[in-house]
Amino acid sequence: MKITVSDVVLLAHSACGVVGILAAAGVFVDTLNARAENARRIRTLAIVTAVCMTVTWIVGGYWYVHFYPMDRALILHGPWPFAHTVFMETKEHLFFTTLILSWYLPMAAADSLSTNAAARKMVLCVAMLIVLSGLAIEGSGAIINHGVKVALLDVRAKTGR
Amino acid sequence: MKPEDTGEGLRSAPFAVAGAVTILFSTALAWTKDAHPSLLHAMDAVAGHNWITHGLADVVVFLGLGLILSRGGWAHRMAPNRVIAFLVAAAAFSAAGLFAWYAVF
């Protein structure tokens, strides 16, 4: 078994993203039934969302800058070039939207959600946008991963190695 | 038990508006650097990679604009539903706009 630094960094990136999405989903569910009793949990989950997305940004950015160029070259010469030209390009820029929303979420959750309908609506919308954009980004990651896989299979089919 | 409503506004409105503007700025910057390689190379030179420069620019716009709007009070006067609609529309426009741009061009 051989696990490289690239593997660890890449998996840490996607794992932090998933935890951030789950935390945002938790904020959404708790806010549907916002009370004084669960206000602290909502704020904690909102902070967890922001922290996880920030770690995802830093770790993913490190992998993207240091390790992705080789994968990109493979994808662009393989049967699925759109895995980079459409999905990676969209993913790497859409992530900034998710990041900004995740930084805003703790600010929105700091309002008194149990007594303020507008604040509840804002938190519900922002949490839902983080979940939806996060899932779209995770799905794009799977397509990019498959783009590398089919490129390697194509090389193997052509060269016999 | 249904939650109450005291009819308060959004205390975080300045950063919601700043977030929406940052999301639109980020989308426009992605399009522009893709269309103009000279800008892409200039952004590569600033922080070592255009994506890093892009992210740092977004952070500066979000925090800077949020702090400026917090002092002005203008964002607090916006109707909460308008602030929410602006942020949701910006995020939806960003997602659709980025995907369409890279799928078409």
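Criteria and cut-off values
Residues numbered from 1 in each chain as written. Chains lettered and ligands numbered in written order. Predicted model: local features only at pLDDT ≥ 70, side-chain atom pairs only at ≥ 80, totals over all residues. Helix = DSSP H or I, 4+ residues; strand = E, 2+ residues; numbered from the N terminus. Rg over C-alpha atoms; globule rule 2.2 N^0.38 Å. Contact = placed C-beta atoms within 7 Å. Buried ≥ 20, exposed ≤ 12 C-beta atoms within 10 Å, placed from the backbone. Expected span 1.5 Å × (residues − 1). Axes fitted to C-alpha atoms, helices over the stretch in contact; angles between N-to-C directions. Parallel < 35°, antiparallel > 145°, perpendicular 65-115°, else oblique. Left-handed = near helix turned anticlockwise from the far one by under 90°.

Enquirer: Tell me about the overall build of chain B, and please be specific about residues and values.
Expert: Helix and strand counts for chain B stand at five helices and zero strands. Across chain B, helices and strands are ordered from the amino to the carboxyl terminus as α-α-α-α-α. Its C-alpha atoms give chain B a radius of gyration of 17 Å, more than 25% over the compact-globule value 13 Å for 105 residues. Along the first, second and third principal axes, the C-alpha set of chain B runs to 55 × 30 × 25 Å. Nonlocal contacts in chain B, meaning residues at least 24 apart in sequence, comprise 75% of its contacts between residues at least 6 apart.

Enquirer: Talk me through the environment of Trp-103 of chain A; I want residue IDs and the actual numbers.
Expert: With respect to the helices, strands and loops of the structure, Trp-103 of chain A is situated in helix α4 (residues 82–109). What makes Trp-103 of chain A buried here is the crowd of 20 C-beta atoms within 10 Å. As a C-alpha pair, Trp-103 of chain A and Asp-30 of chain A span 73 residues in sequence and 18 Å in three-dimensional space. Dropping the residues within four chain positions of it, Trp-103 of chain A is found in contact with Ala-50 of chain A together with Phe-62 of chain B.

Enquirer: Which residues make up helix α3 (residues 50–72) of chain B, and what values do they have?
Expert: In a regular helix each residue adds 1.5 Å, so 23 residues correspond to 33 Å; α3 of chain B covers 32 Å between its end C-alpha atoms and thus fits that length. Every buried residue of α3 of chain B is listed here: Asn-50, Trp-51, His-54, Gly-55, Asp-58, Val-61, Phe-62, Leu-65, Gly-66 and Leu-69 of chain B. Looking at the buried positions of α3 of chain B, the neighbouring elements they touch are α2 (39–66) and α4 of chain A together with α1 (13–35), α2 (37–47) and α4 (74–77) of chain B.

Enquirer: Just give me the short version of the packing of α2 of chain A against α4 of chain A, but keep the residues and values in it.
Expert: All names here are of chain A. In contact at an axis separation of 8 Å, α2 and α4 are set at 155° when each is read in the N-to-C sense. Relative to α4, the element α2 is oriented roughly antiparallel. Here α2 and α4 pass one another in a crossing that is left-handed. Residues Ile-42, Arg-43, Ala-46, Ile-47, Thr-49, Ala-50, Met-53, Trp-57 and Tyr-64 of α2 pack against Glu-92, Phe-95, Thr-98, Leu-99, Ser-102, Trp-103, Leu-105, Pro-106 and Ala-109 of α4.

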